[in-house]
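Structural overview for review
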Amino acid sequence: MNWIGLNTLIKREVGRFFSVYRQTVLPGLISSGLYIVIFGFTLEQRISEIQGVPYTLFILPGLIMMNTLTNATANTSSSMLQMKLLQQLPDLLTAPLSGLEISLAYIIGGTVRGVVNGILVLILGVFLTDLTVADPLGTIVFIFLVSWAFASMGLILGQMAESWDQLAMMQNFFLTPLSFLGGIFYSIKMLPEWAQSLSFINPIYYMINGIRYTILGISDSSFSFSFWMALILTVLFTTIAILLMQSGKKIKQ
Amino acid sequence: MPIPAIQISGLTKSYGNVHALRGVDMTIKEGEFFGLLGPNGAGKTTMINIVTGLVFRDEGTTEVFGKDTVKDFRFTRSKIGIAAQELSVDWFFPIEKLLVFQAGYYGISESDAKPKIDDLFERLGLSKKRESRLRQLSGGMKRRFQLAKALVHDPDIIILDEPTAGIDVELRRNLWQYLRDLHSQGKTILLTTHYIEEAELLCENVAIIDEGEILKKGSPKDLTRELGTAGITVQLGNVRNGMESFLDGFTFTREENRFHFSVKDPDSAMPKIIEQLSKADVHIQSIESKVSSLEDVFLNLTGKGINE
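Below, the structure is looked at part by part. Here the structure is a predicted model, which is why all the values come from computation and not from measurement. (Residues numbered from 1 in each chain as written. Chains lettered and ligands numbered in written order. Predicted model: local features only at pLDDT ≥ 70, side-chain atom pairs only at ≥ 80, totals over all residues. Heavy atoms only, no water.)

1. Description of the pairing of strand β2 (residues 18-28) of chain B
All names here are of chain B.
- As paired elements, strand β1 (residues 6-15) and β2 share eight bridges and run antiparallel to each other. Pairing of threonine 12 across the sheet is with arginine 22, part of β2.
- The loop that links β1 with its antiparallel partner β2 comprises two residues; one of these, glycine 16, has a positive phi angle of about 65 degrees. (Pairing = 2+ DSSP bridges. Helix = DSSP H or I, 4+ residues; strand = E, 2+ residues; numbered from the N terminus.)

2. Looking at the layout of surface pockets
- Counted as a void, the largest pocket has a volume near 890 Å³.
- Contributing to the lining of the largest pocket are 33 residues, with Gln87 and Gln253 of chain A together with Thr45, Asn49 and Leu54 of chain B lying nearest its centre.
- Of all the secondary-structure elements, those providing two or more residues to the lining of the largest pocket are α4 (55-85) and α5 (89-93) of chain A together with α1 (44-52) and α5 (139-151) of chain B.
- The element best represented in the lining of the largest pocket is α1 of chain B, accounting for four residues.
- Class assignment for the residues of the lining of the largest pocket results in ten nonpolar, 13 polar and ten charged.
- The volume enclosed by the second largest pocket comes to roughly 550 Å³. (1 Å grid on protein atoms, 1.4 Å probe; cavity = no way out; pocket = protein on both sides within 12 Å on 5 of 7 lines; lining within 4 Å. Points joined across faces, edges and corners; volume = space filled by probe spheres on them. Nonpolar A, V, L, I, M, F, W, Y, C, P; charged D, E, K, R; others polar.)

3. A few points about the nonpolar core
- Of all hydrophobic cores here, the largest spans 148 residues; its most connected members are Leu92, Tyr106 and Phe150 of chain A together with Met26, Met47 and Ile159 of chain B.
- Broken down by element, this core gets its largest block of residues, 14 residues, from α4 of chain A.
- Of all hydrophobic cores here, the second largest spans 14 residues; its members include Val234, Phe261, Val263 and Ile273 of chain B. (Core = buried A, V, L, I, M, F, W, Y, C linked by side-chain atoms within 4.5 Å. Buried < 20%, exposed > 50% of the residue type's maximum accessible area, 1.4 Å probe, protein only.)

4. Looking at the side chain of threonine 68 of chain A
All names here are of chain A.
- Secondary-structure assignment places threonine 68 in helix α4.
- According to the relative accessible area criterion, threonine 68 is buried, its value standing at 0%.
- Engagement of the side chain of threonine 68 in a polar contact is seen with the backbone oxygen of isoleucine 64, the distance being 2.7 Å.
- Ignoring anything within four residues of it in the chain, the contact list for threonine 68 reads Gly114, Gly118, Ile143 and Ser147. (Polar contact = N/O pair within 3.5 Å; in protein donor to acceptor, adjacent residues only side chain to side chain. Contact = heavy atoms within 4.5 Å.)

5. With respect to the sheet that holds strand β14 (residues 284-290) of chain B
Residue and element names in this part refer to chain B.
- Read across the sheet, four strands follow the order β12-β13-β11-β14 without closing on themselves; strand pairing throughout is antiparallel. In this open sheet, the two strands that pair with only one neighbour each are β12 (251-255) and β14. With strand direction ignored, the average angle separating the axes of adjacent strands in the sheet is 15 degrees.
- In this structure, strand β11 (residues 230-236) lies alongside strand β13 (residues 258-263), joined through six bridges in antiparallel fashion. Paired with glycine 231 across the strands is serine 262, a residue of β13. (Axes fitted to C-alpha atoms, helices over the stretch in contact; angles between N-to-C directions.)

6. Some points on helix α7 (residues 136-160) of chain A
- In this model α7 of chain A runs 36 Å from its N-terminal to its C-terminal C-alpha over 25 residues, within 8% of the 36 Å that 1.5 Å per residue would give.
- Among the 25 residues in α7 of chain A, 19 count as buried, and that is most of the element. (Expected span 1.5 Å × (residues − 1).)

7. Digging into the sheet that holds strand β4 (residues 59-64) of chain B
Residues and elements named next belong to chain B.
- Across the sheet, which stays open at both edges, the four strands sit in the order β2-β1-β4-β5 with antiparallel pairing between neighbours. Where the open sheet ends on each side, the last strands, each with one partner, are β2 and β5 (67-68).
- Running over the sheet, α1 touches β1, β2 and β4 and is turned about 115 degrees from β1.

8. Things to note about the interface of chain B and chain A
- Each partner contributes to the interface: chain B provides 30 residues, whereas chain A provides 30 residues.
- Between chain B and chain A lies a buried interface of about 2700 Å² when both sides are counted; carbon and sulfur atoms form 60% of it.
- The tally of links from chain B across to chain A stands at three salt bridges.
- Residues aspartate 91 of chain A and lysine 149 of chain B are paired through a salt bridge, measuring 2.9 Å at the closest nitrogen-oxygen approach.
- Connecting chain B to chain A are 15 residue pairs in polar contact (both at pLDDT 80 or more).
- At the level of secondary structure, the elements contributing two or more residues to the side of chain B that touches chain A comprise β1, α2 (73-79) and α3 (95-105) of chain B.
- A per-element tally of the side of chain B that touches chain A places α3 of chain B first, with five residues. (Buried area = accessible area lost by both parts, 1.4 Å probe. Salt bridge = Lys/Arg side-chain N within 4 Å of Asp/Glu carboxyl O.)

9. What about empty space enclosed by the protein?
- All chains considered together, the criterion is met by three cavities of 30 Å³ or more.
- There is about 130 Å³ of room inside the largest cavity.
- Arg12 and Asp91 of chain A together with Asp90, Leu98 and Lys149 of chain B are, among the 14 residues lining the largest cavity, the residues nearest its centre.
- Elements with a minimum of two residues in the lining of the largest cavity: α5 of chain A together with α3 and α5 of chain B.
- If you tally residues by element for the lining of the largest cavity, the top one is α3 of chain B, at four residues.
- Split by residue class, the lining of the largest cavity holds seven nonpolar, three polar and four charged.
- Quantified by volume, the second largest cavity comes out at close to 50 Å³.

10. So, the packing of aromatic side chains
- Scanning the model with the defined rule gives 15 aromatic pairs over all chains in all.
- Relative to phenylalanine 227 of chain A, the ring of phenylalanine 223 of chain A has its centre 6.3 Å away and its plane inclined at 35 degrees; by these criteria the two rings are tilted. Placement of the pair is phenylalanine 223 of chain A and phenylalanine 227 of chain A together in helix α11 (residues 223-247), with a separation of four residues, close to one helical turn.
- By relative accessible area, phenylalanine 227 of chain A is classed as partly exposed at 27%.
- Ring plane angle 85 degrees and centroid distance 5.0 Å describe the contact between phenylalanine 93 of chain B and phenylalanine 101 of chain B, whose orientation is recorded as edge-to-face. Neither residue differs from the other here; phenylalanine 93 of chain B and phenylalanine 101 of chain B are each classed as buried.
- Site record: aromatic cluster; members linked through ring pairs are Phe142, Tyr213, Phe223, Phe227 and Trp228 of chain A.
- Positioned over the ring face of phenylalanine 58 of chain A is arginine 212 of chain A, at 3.7 Å from the centre of the ring. (Phe/Tyr/Trp six-rings, centres within 6.5 Å; stacked < 30°, edge-to-face > 60°. Lys NZ or Arg CZ within 6 Å of the ring centre and 35° of its normal.)

11. Quick word on unusual backbone geometry
Residues and elements named next belong to chain A.
- Phi is positive for glutamine 87, which is not a glycine, with a value near 65 degrees.
- You can see glutamine 87 is positioned in the loop between α4 and α5.
- We classify glutamine 87 as partly exposed; its relative accessible area is 32%.
- In this model, lysine 250 sits at a positive phi of 70 degrees, which is unusual for a non-glycine residue.
- Considering the arrangement of structural elements, one finds lysine 250 in the segment after α11.
- Among the residues examined, lysine 250 registers a relative accessible area of 38% and is labelled partly exposed.

12. A few points about the pattern of salt bridges
Residue and element names in this part refer to chain B.
- Enumeration over the complete set of coordinates arrives at 18 salt bridges over all chains.
- The salt bridge involving aspartate 58 is made with lysine 13; its shortest N-O contact spans 3.9 Å. Of the two residues, aspartate 58 is situated in the loop between α1 and β4 and lysine 13 in strand β1; the sequence distance between them amounts to 45 residues.
- A relative accessible area of 42% means that aspartate 58 is categorised as partly exposed.
- Salt-bridge contacts for arginine 130 lead to glutamate 96; the nearest nitrogen and oxygen are separated by 3.0 Å. Here glutamate 96 lies in helix α3 and arginine 130 lies in the loop between α4 (110-123) and α5, a separation of 34 residues in the sequence.
- Given a relative accessible area of 11%, glutamate 96 falls into the buried group.

Okay, here's the thing in structure tokens:
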């Protein structure tokens, strides 16, 4: 194992997104703040409580999860595609780094961004509302797990994509709709039965309900099922990402 | 027999129906300055990319200091520093940081890399730019940075893919001098170029490659001697009957007092011609030789110029 190489690439990946924090950290924080203020405080007048929790608090875990998984995905996918398009990838592929080391470094970089964004929105929520986190350790573990899973997925997307357009398509047509349909702003129990059934095949539904349970102690799905789903996605995406990197598909000829 | 720095045997590579390499064999000895000479699309970059791990080979073997470049990639890649033809772009970090990262990929810690980075910046005239981003550098500076990146882990083999493409004459000459210095320190250098002058000036041995095949290998001097045709033209002040018998064994044409000799090696032929003409008791007014160049050799072998 090339530990110094792995550590260097992690530093590069983390340093990269911190160097452009106006693009990678602040937007999620601002948009989450706006969701809380506009959606939460205004709709709270109409929707007083869901499952015994004020509406503003109800949407907060979903916002944290959306911010976490979109940032984790965006970090690895955009960094990988950028390195491909700007001819930086040969620097890695000609160095004594294995596919395992390269993919792990990217995933860890994406995980750090997901965790940082998720925790910052959580802190913002604590400041803007009277939130008390039911299980702080469980929340952090869940944010970490989801960040890792979606950072791995982002790496797969970044390696397979050939243009920014393809990447944006994945983000806009799949990730964002699935996040919104996963129950950020509502309980699926408010939906007709057929729509509830559709939600059960949306993995992000389990991510949102898992973190809702660790923060508020309420959930549409069982917590253990959400946890196992997050764990399975993490293992699955990580394995695919590593194997894909080792295969050199789309990055070596 | 010492282990070669790079050994390539039976190497083939195709991209669909395009045969980029058709069974290439090549050996580069340790400490050798080797040139790979060929037009664009000849297969030079493909060959290098297979050795460095950027391209998968179809058939054949590629070894660096006796180790396979796929199975023992950590060893072989750590021995090589490559300055690629394509300049990479990075928007995020100053160039000093980029060199720290580059050294790190090769397992060198930041503190260990610092002295080497300082030395490279000094030697390549980039010291004042260490805090600059790549986009703020001129084209020539980017080339020098590319070289610094290849050298930061102090590799034994330096591969330079068209290192002087698109840079001005002065910088080209400075880079040549730097490459000579590196060679004198014992580094093995593999240079691809389509500048004939570059290969002639720097390389101890060259391989001429076209359409994925090595057409000829040898030192520039040997190749020009073997395949080039040089000429010696002598203008005589007077001629004498029967003087041509003194020139038996030479291939020449005559136009009144002007004799044109076709020779393989003008350096060794010229004294002999002068000696024989002196014996013939004729007065030599002027003598000039036209030395054959690698360009002639390339033309003879491929039937086209290198930039065609």
